[in-house]
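# Overview (structure and organization)
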Amino acid sequence: MIAKTEEDFNGLKEIGRIVAFIRDELVQRTTPGTTTKELDDIAGELFEKEGALSAPKNEYNFPGYTCISVNEEVAHGIPGDRVIHEGDLVNIDVSGSKNGYFADTGISFVVGEGEEVLTKICYVAKKAFEEGLKKAKPGSKKSGIGKVVYQTAKQHGLTVIKNLTGHGIGRTIHEAPDHIYNYKETWDDELLKEGMVIAFEPFISTFEEEVFQLEDGWTYATEKSYVAQLEHTIILTKNGPIIITL
């Protein structure tokens, strides 16, 4: 989507506020002994209260209001009876729509005290996001974002997941540009445009660079790596990117 009007900006900011609020509420409620289904039920209540719709449930018939992934799960984890424990690495991904506008956000975090490597990959995901954001300018090459994400990961002795990417968003949950890579894809030199709306989401991995899909048909996981993600929806402007999901 290319946001052009005041109505576009206001509509995007409103759904951005809602999914960020739900994300933060679920992070706060993630404590040892809680199940992922209990967290998702809270999200369902909040979507209804805000007059918004869960994007995965309404657009793709996903079996949950949110995607909640734990430890070896990287993305699209199905909420269920899995109990969260102290030291777990949890990812909460919330996307939704209201009045025809969509936003998407996600964060990985460690529950309580965990392994040092888990804290590290969460920090590097945040750092990679910040570095990539500096390249998110109208007129710049889209591939420049992925280049600095990958460089940031390597500087910390880590790598990226290459077969999960960011994407365009706005009027639907996934739209052009189809991919925002987390590494420099040499053929992908599309120029970023004024008003372009993107979901930018670095995935930082301890060593594996690809995920595979589990038999449930939704969840992406790794064999042995830990992976952390940070995702925000951004409107690109000549005065700098506007993050609508802070």
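Scroll up to find the structure.
Right, let's walk through the structure included here. (Residues numbered from 1 in each chain as written. Predicted model: local features only at pLDDT ≥ 70, side-chain atom pairs only at ≥ 80, totals over all residues. Heavy atoms only, no water.)

### Notes on the environment of Pro32
What counts is decided by this rule: Elements are defined by DSSP. Helices are runs of H or I of four residues or more, strands are runs of E of two residues or more, and each kind is numbered from the N terminus. Think of it in three bands: residues with accessible area under 20% of the maximum for their type are buried, residues over 50% are exposed, and the middle band is partly exposed, with areas taken using a 1.4 Å probe on protein chains only. We call two residues in contact when some of their heavy atoms are within 4.5 Å.
Counting through the fold element by element, Pro32 comes out in the loop between helix 1 (6-29) and helix 2 (36-50). For Pro32, a relative accessible area of 46% translates into the label partly exposed. Here the alpha-carbon distance between Pro32 and Tyr220, two residues 188 residues apart in the chain, equals 23 Å. Leave out the neighbours within four places in its chain, and Pro32 touches Ile84, His85, Glu86 and Val111.

### Let's talk about the side chain of Asp104
The line we're drawing: Note on charges: Lys and Arg go in the positive column, Asp and Glu in the negative column, and His and the chain ends are not counted at all. Salt bridges are defined by distance alone: a side-chain nitrogen of Lys or Arg within 4 Å of a carboxyl oxygen of Asp or Glu. Think of a polar contact as two N or O atoms within 3.5 Å of one another; within protein, one of them needs to be a possible hydrogen donor and the other a possible acceptor, and neighboring residues in sequence only count if both atoms come from side chains.
Looking at where Asp104 falls in the secondary structure, it is placed in strand 5 (residues 101-110). Buried within the structure, Asp104 lacks any salt-bridge partner; its nearest side chain of opposite charge belongs to Arg23, at an N-O separation of 9.0 Å. Reaching out from Asp104, the side chain makes a polar contact with the side chain of His167 at a distance of 3.3 Å. Leaving out residues up to four positions away in the same chain, Asp104 has contacts with Val19, Asp93, Val94, Ser95, His167, Ile169, Ile173, Ala199, Glu231, His232, Thr233 and Thr245.

### Re the packing of aromatic side chains
Short version of the rule: Classification of ring pairs uses Phe, Tyr and Trp, with its six-membered ring standing for Trp, and accepts pairs whose centres are within 6.5 Å; under 30 degrees between planes counts as stacked, over 60 as edge-to-face, and the remaining range as tilted. Here, a charge over a ring is recorded when the distance from Lys NZ or Arg CZ to the ring centre is within 6 Å and its angle to the ring normal is within 35 degrees.
Considering all chains together, one arrives at four aromatic pairs under this definition. Seen in terms of ring centroids, Phe62 and Trp218 are 5.1 Å apart; in terms of plane orientation they differ by 90°. Their pairing is edge-to-face. Remark: Trp218 occurs in the loop between strand 11 (212-213) and strand 12 (220-221) and Phe62 occurs in the loop between helix 3 (55-60) and strand 2 (67-70); sequence separation between them is 156 residues. Judged by its relative accessible area of 3%, Phe62 is buried. Linked through ring pairs, Tyr181, Tyr183 and Trp187 together constitute an aromatic cluster. The lysine or arginine in question, Lys57, covers the ring of Tyr65, its NZ or CZ lying 4.7 Å from the ring centre. A cation over a ring is seen here: Arg171 above Tyr101, with NZ or CZ 4.1 Å from the ring centre.

### Considering the pairing of strand 8 (residues 175-180)
Applicable threshold: Any two strands are treated as partners once DSSP identifies two or more bridges connecting them.
Note: strand 7 (residues 166-168) against strand 8, two bridges, orientation antiparallel. When the sheet's bridge partners are listed, Gly166 is paired in strand 8 with Ile180. Counted along the chain from strand 7 to the antiparallel partner strand 8, the turn is six residues long, and its residue Gly170 has a positive phi close to 145°.

### Topic: the packing of helix 4 (residues 116-133) against helix 5 (residues 143-155)
The test is simple: What counts as an axis is a line fitted to C-alpha atoms, over the stretch in contact for a helix, and the angles between N-to-C directions run from 0 to 180 degrees. Left-handed describes a crossing whose near helix is turned anticlockwise from the far helix by less than a right angle; the clockwise case is right-handed. Asp, Glu, Lys and Arg are counted as charged, while Ala, Val, Leu, Ile, Met, Phe, Trp, Tyr, Cys and Pro are counted as nonpolar; the rest, among them Gly, fall into the polar class.
Two elements in contact, helix 4 and helix 5, have axes separated by 8 Å at closest approach and are oriented at 145°. At the point where helix 4 passes helix 5, the crossing takes the right-handed sense. Taken together, the residues of helix 5 that come into contact with helix 4 (itself represented by Val124, Lys127, Ala128, Glu131 and Gly132) are Ile145, Val148, Val149, Thr152 and Ala153. Across the contact of helix 4 with helix 5, the residue classes break down as six nonpolar, two polar and two charged.

### Some points on the pattern of salt bridges
With the rule as written, the count across this model stands at 16 salt bridges. Of the charged contacts, one joins Arg17 and Glu50 as a salt bridge, the two residues approaching to 2.8 Å between their closest N and O atoms. Of this pair, Arg17 sits in helix 1 while Glu50 sits in helix 2; the two residues are 33 residues apart in sequence, bridging distant segments of the chain. Relative accessible area serves as the criterion here: at 17%, Glu50 is assigned to the buried category.

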